[in-house]
Amino acid sequence: GSGSLFDKLSGGGGEKPRPDSGEGSSDPRVYKLNDGDHVQITKPQDHAKCVHRQAPIGPRKLKKVCNMLRGMSVEEALLQCRLSVKKAAKLCEKVILSARANASHNHELAGKDLYVHEIFATKGRYRKRVDYVAKGRAVIKKKYFSHLTVVLREGKPLKEKIRLQPSALQRRERRIAKEQRRLVRAEG
């Protein structure tokens, strides 16, 4: 039949009744009628996002930490941030905590099942600084701010734990143990 989208959604003059507003609706789209005649259509999201704009650090420094954290569970990523001495790790920790709060408060996602689906840094504004170079000249250097974006999703993490390379001492101990096992097999 005829009728505007507003009539169908609000139940006025439409054939279909408006679905129940609220979280318990079986419809994938949730309709909320605000005060007055404004209809807001929201879709339940399976992810939570947080963006830190104009972070006072260069994007290349931030990307090194982002690459380490991508795919980890939220708990493991927070642990890695707390163990790191880098300034970028402290910024990433704040943004991950904020994204986790957004997930539980705004999107009703379980905080324990979240993992870092996306994390990336892009260039923001830049400050101009003077850099003194050879032969008495000076050039303008651009020092960039960064935008840090974190997207969390529910599911199994892609990276379980960070794999650390064994130290030279550990490699030497393994080599000696392997050599001793080989000697024992040769004798027996």
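Residues numbered from 1 in each chain as written. Predicted model: local features only at pLDDT ≥ 70, side-chain atom pairs only at ≥ 80, totals over all residues. Heavy atoms only, no water.

(A) Geometry of the overall build of the protein. Of regular secondary structure, the protein possesses 5 helices and 5 strands. Ordered by position in the sequence, the α and β elements of the protein form the string α-β-β-β-α-α-α-β-β-α. Classification of the 188 residues of the protein by burial places 27% in the buried group. Roughly 13600 Å² of accessible area belongs to the protein as shown, and the carbon and sulfur atoms make up 51% of that amount. (Helix = DSSP H or I, 4+ residues; strand = E, 2+ residues; numbered from the N terminus. Buried < 20%, exposed > 50% of the residue type's maximum accessible area, 1.4 Å probe, protein only. Areas by Shrake-Rupley, 256 points an atom, 1.4 Å probe, with all protein chains shown as cover.)

(B) A look at the pairing of strand β4 (residues 114–132). By the bridge criterion, 16 bridges tie β4 to strand β5 (residues 138–154) in an arrangement that is antiparallel. Bridge pairing in β5 places Asp-131 opposite Val-139. Turn length for the β4-β5 hairpin, with the two strands adjacent in sequence and antiparallel, is 5 residues, and the turn residue Lys-135 shows positive phi of about 60 degrees. (Pairing = 2+ DSSP bridges.)

(C) Main features of the nonpolar core. Ranked by internal contacts, the top residues of the largest apolar core, which has 29 residues, are Leu-69, Cys-92, Ile-96 and Ile-119. Elements represented by at least two residues in this core include exactly β3 (47–55), α2 (59–69), α3 (74–83), α4 (87–105), β4 and β5. Per element, the largest residue contribution to this core is 8 residues, and it comes from α4. Those residues in contact with Cys-92 that lie beyond four places of it in its chain are Leu-62, Val-65, Cys-66, Leu-69, Cys-81, Ile-119 and Leu-148. (Core = buried A, V, L, I, M, F, W, Y, C linked by side-chain atoms within 4.5 Å. Contact = heavy atoms within 4.5 Å.)

(D) Expanded view of the packing of aromatic side chains. Considering all chains together, one arrives at 1 aromatic pair under this definition. With a centroid separation of 5.5 Å and an interplanar angle of 65 degrees, the aromatic rings of Tyr-126 and Tyr-144 are classed as edge-to-face. Separated by 18 residues along the polypeptide, Tyr-126 in strand β4 and Tyr-144 in strand β5 bring together distant segments of the chain. According to the relative accessible area criterion, Tyr-126 is partly exposed, its value standing at 37%. Residue classification places Tyr-144 among the partly exposed positions, given a relative accessible area of 24%. Cation over ring: Arg-125 sits above Phe-145, and NZ or CZ is 5.5 Å from the ring centre. The ring of Tyr-126 has Lys-142 sitting right over it, with the charged end atom 4.7 Å from the ring centre. (Phe/Tyr/Trp six-rings, centres within 6.5 Å; stacked < 30°, edge-to-face > 60°. Lys NZ or Arg CZ within 6 Å of the ring centre and 35° of its normal.)

(E) Looking closely at the sheet that holds β5. What the 3 strands build is an open sheet, ordered β3-β5-β4; its pairing is antiparallel. Across the chains shown, the open sheet's two edge strands, defined by having one partner strand only, are β3 and β4. Adjacent strand axes in the sheet meet at a mean angle of 10 degrees when their direction is disregarded. The strands touched by α4 within the sheet are β3, β4 and β5, with β3 carrying the most contacts at an inclination of about 145 degrees. (Axes fitted to C-alpha atoms, helices over the stretch in contact; angles between N-to-C directions.)

(F) Spatial organisation of the pattern of salt bridges. In total, this model carries 5 salt bridges according to the counting rule given. Residues Arg-153 and Asp-46 are paired through a salt bridge, measuring 2.7 Å at the closest nitrogen-oxygen approach. A residue pair is termed long-range when its members are at least 10 positions apart, and Arg-153 in strand β5 and Asp-46 in the loop between β2 (39–42) and β3 qualify at 107 residues. Judged by its relative accessible area of 47%, Asp-46 falls in the partly exposed class. The shortest N-O distance in the salt bridge between Arg-100 and Glu-75 comes to 2.9 Å. Note that Arg-100 is positioned in helix α4 and Glu-75 in helix α3, a separation of 25 residues in sequence. Note on Arg-100: relative accessible area 25%, which makes it partly exposed. (Salt bridge = Lys/Arg side-chain N within 4 Å of Asp/Glu carboxyl O.)

Worth remembering: the numbers are spatial, not functional.
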